[in-house]
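Examining the three-dimensional arrangement
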Amino acid sequence: MSARKLLPPLLAVIALAIPYLVPAYALTLLAYVGMAALVALGLVLLTGIAGQTSFGQAAFVGIAAYTSAYLAKVQGVSPFLGLPAGLLGTGVVAWLLGLITSRLSGHYLALASVAWGISFPYLFATIGPLGGFNGMADIPTLSAFGHRLTDPHAWLYLIWAVLLASVWLARNLLDGRRGRAIRALAGGRTMADSLGIDTARLSRTVFVLAALAAGLSGWLFAHYQLFINPSPFSLDAGIEYLFMVIVGGVAWLWGAVVGAGVVVVLRDQLNDLLPRLIGQPGNYETIVFAIVVIVVLQRAPAGLWPMLRRLASPAPPARPGVAVALPHRGAPAGSAPALELSGVTRRFGGLVAASGIGFAVYPGEIVALIGPNGAGKTTVFNLISGALAPDEGRIQVFGADVAGLPARDVARRGVARTFQHVRLLPERSVLENIALGAHERGRSGLLAALLRLDRAEERRLLAEAARQAARVGLAARLMEPAGSLPLGQQRIVEIARALAADPRLLLLDEPAAGLRLQEKAQLAVLLQGLRAEGMAVLLVEHDMDFVMNLADRVVVMDFGQTIAEGLPAVVQSDEAVLEAYLGGIE
């Protein structure tokens, strides 16, 4: 058996032996590390991976802790029944907060989290039955079959078993279709919406999951410590949990465990050591702790876990295998337009970015939308794909009016797009980026993802992504980080991602930008093949040689208006087009 296969069982034996090899004080410290790591794990999902910064996770710890403690002490309810009650209360509060904050991002969400991080501890203190600022003492511990759980070794095993199970569930969630969608939230919601992902709903889901992880920690905390007051659930505690994630590795699940260990142990040792060194009591540990964190971030800006992971030489990711092909939409029937715009207008204040735009794209046709910079081409793309809503006019996709529909609903009707400025997940592999395009072709739910019941579907999605990568000439670079590719090839990844959605209408925004001559020729062959399959293609492009040799028809825009439309040879000689591009003609 190889050393790599022997390592996990060896580590398991060492972990089981540790509680009997360390002093009682270390058992307590390790228990607090485990409970803190649970909260940090939720923050990795929420902040490090989904890109939603929260300073208020300690409040969710408090909701579950107070709920279970009150039920156990005042109502005589078993602590094991207090667990679902605490998680339910935490989940409901998080869901209600999520309704308000799910559309926030950046500093707006962070400021909102500061607000509830400040308010909830005061709420706990003002509810009389919860003991006010003095807190609740003599909380019943866990008990089963008449035996109270008092052995610190048993508590340590329980806390870390819960933590490891939570890491397993989180890893399952991220290792598949749902995980790619969660990562896409940090990559930009416009991109995620264009792939059919309901970003508002998914953001709320991640928010609730992170709160539930904190609530699980709160339940353990209340019945382990047997005393709670508002202090451990304050904004300061929320900031400390965020420090754990940053120190350990903000985008890594095991970084939550490493960061919790470093912060909890360091805080404990500084609390004990600094007053003795200085000779008088005080909060000196806060200053020293801040300095240590700054040094760690300077030396390991991505956190400690990525550095440790490099030392361990992790195994390379597995390449996709053979799987049953996903269902295919097929070419649209009939001769009706795939896309038809009529009188489409969009204003930004006093600026009219698109005025009365009207044209059609038919199945099996490539139409180029061209014009000088600032002509309004990308605005039209955003109107078609649902990223923007028109002020006036009608947009029909395969006969259905989509004007004003959210981008995810437009995508589900068979529309896929690329972007003028490449939008990928740069740290993830080419394969994962392309598989993200097939998100709506999968049907597995959250529970299936958590319990790893979506493996068959996942194999099909990855096989489809590999097929599209081979189609565009990227088969040799499947496992490379997408951000490591040259810009031109990153655009090809975007095209493959769009094709993985199995579209019937493809919108390409400057697909040839950054490509070399040979790559442009390969792209032209690919688009000609799509046209032969009956796909409708609308592309914006500045390379006139590429456009004129490929497009069936050309639509020209200038200052937000259509100034010409027709065959490439006709458009090239149009005086209005020449004037728009050259500023006048002899």
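This next bit is on the packing of aromatic side chains. Evaluated as defined, the whole model comprises 14 aromatic pairs. Ring centres of Tyr-32 and Phe-221 lie 6.4 Å apart, and the angle between their planes is 55°; this geometry places the pair in the tilted category. Here Phe-221 lies in helix 9 (residues 199-225) and Tyr-32 lies in helix 2 (residues 24-49), a separation of 189 residues in the sequence. An angle of 70° between the planes, with centres 5.8 Å apart, marks the rings of Tyr-66 and Phe-233 as edge-to-face. With Tyr-66 in helix 3 (residues 57-73) and Phe-233 in the loop between helix 9 and helix 10 (235-248), the pair connects residues that are 167 residues apart, well separated along the chain. Put simply, the rings of Tyr-32, Tyr-66, Phe-120, Phe-124, Trp-155, Phe-221, Tyr-224 and Phe-233 pair up and form one aromatic cluster. Positioned over the ring face of Phe-398 is Arg-504, at 3.9 Å from the centre of the ring.

On to helix 9. With 27 residues, helix 9 should cover 39 Å at 1.5 Å per step; its first-to-last C-alpha distance of 39 Å lies within 8% of that length. Burial of helix 9 is extensive: 21 of the 27 residues sit out of reach of the surface. Within two residues after helix 9, Leu-226 carries a phi angle of roughly 65°, on the positive side.

So, about the pattern of salt bridges. This structure, assessed with the given rule, holds 20 salt bridges. Glu-458 is the salt-bridge partner of Arg-180, the closest N and O atoms lying 2.7 Å from each other. Of this pair, Arg-180 sits in helix 7 (residues 177-186) while Glu-458 sits in helix 18 (residues 455-471), and the two are 278 residues apart along the sequence. With respect to burial, Arg-180 and Glu-458 carry one shared label: buried. Between Arg-455 and Asp-454 there is a salt bridge, with its nearest N and O atoms 3.1 Å apart. Among the ionic contacts, a cluster of salt bridges with common partners joins Asp-175, Arg-452, Asp-454 and Arg-455.

This part is about helix 19 (residues 487-500). With 14 residues, helix 19 extends 20 Å between its outermost C-alpha atoms, agreeing within 8% with the 20 Å of an ideal straight helix rising 1.5 Å per residue. For helix 19, the tally of buried residues reaches 13 of 14 residues, placing the bulk of the element in the interior. Among the residues trailing helix 19, Asp-502 stands out with phi positive, at a value near 55°.

Taken in spatial order, the 4 strands line up as 4-3-6-7 in an open sheet, and their pairing is antiparallel. A single partner strand is all that each edge strand has here, and the edge strands are strand 4 (351-361) and strand 7 (400-401). Looking at chain direction, strand 3 (residues 339-348) and strand 6 (residues 392-397) are connected through 5 bridges and run antiparallel. In the sheet register, Thr-345 faces strand 6, and the bridge partner there is Glu-392. Against the sheet, helix 14 (residues 377-385) contacts strand 3, strand 4 and strand 6, and its axis sits at roughly 115° relative to strand 3.

Quick look at the packing of helix 4 (residues 79-101) against helix 9 now. Any two packed helices are characterised by the angle at which their axes cross and by the distance between the axes. Relative orientation of the contacting elements helix 4 and helix 9 amounts to 145°, with a least axis distance of 8 Å. Viewed along their axes, helix 4 and helix 9 form a crossing whose handedness is right-handed. Of the residues belonging to the contact of helix 4 with helix 9, the class tally is 14 nonpolar, 7 polar and 1 charged.

Next up on the list: the side chain of His-223. Considering the arrangement of structural elements, one finds His-223 in helix 9. Only 2.7 Å separates the side chain of His-223 from the side chain of Ser-68, close enough to count as a polar contact. From its side chain, His-223 meets the backbone oxygen of Pro-140 in a polar contact 2.7 Å long. When sequence neighbours within four positions are dropped, the list of residues in contact with His-223 reads Ser-68, Ala-69, Ala-72, Pro-79, Ile-139, Pro-140, Thr-141, Leu-142 and Trp-155.

A few words on the nonpolar core. In terms of nonpolar packing, the biggest core is built from 91 residues, with Phe-60, Ile-197, Leu-220, Ile-228, Phe-233, Tyr-241 and Met-244 touching the most fellow members. In terms of residue count, helix 2 provides more of this core than any other element does, 16 residues in total. Those residues in contact with Ile-197 that sit more than four places away from it in its chain are Ala-181, Ala-184, Ala-192, Leu-202, Arg-408, Leu-436 and His-439.

In spatial order, the strands read 8-9-10-5-11-12; together these 6 strands make up an open sheet with mixed pairing. Each edge of the open sheet is held by one strand with a lone partner, namely strand 8 (415-417) and strand 12 (561-566). The average angle at which neighbouring strand axes cross in this sheet is 15°, direction not considered. In this sheet, strand 11 (residues 553-558) lies alongside strand 5 (residues 366-370) in parallel orientation, the contact comprising 4 bridges.

What counts, and where the lines are drawn
Residues numbered from 1 in each chain as written. Predicted model: local features only at pLDDT ≥ 70, side-chain atom pairs only at ≥ 80, totals over all residues. Heavy atoms only, no water. Phe/Tyr/Trp six-rings, centres within 6.5 Å; stacked < 30°, edge-to-face > 60°. Helix = DSSP H or I, 4+ residues; strand = E, 2+ residues; numbered from the N terminus. Lys NZ or Arg CZ within 6 Å of the ring centre and 35° of its normal. Expected span 1.5 Å × (residues − 1). Buried < 20%, exposed > 50% of the residue type's maximum accessible area, 1.4 Å probe, protein only. Salt bridge = Lys/Arg side-chain N within 4 Å of Asp/Glu carboxyl O. Pairing = 2+ DSSP bridges. Contact = heavy atoms within 4.5 Å. Axes fitted to C-alpha atoms, helices over the stretch in contact; angles between N-to-C directions. Left-handed = near helix turned anticlockwise from the far one by under 90°. Nonpolar A, V, L, I, M, F, W, Y, C, P; charged D, E, K, R; others polar. Polar contact = N/O pair within 3.5 Å; in protein donor to acceptor, adjacent residues only side chain to side chain. Core = buried A, V, L, I, M, F, W, Y, C linked by side-chain atoms within 4.5 Å.

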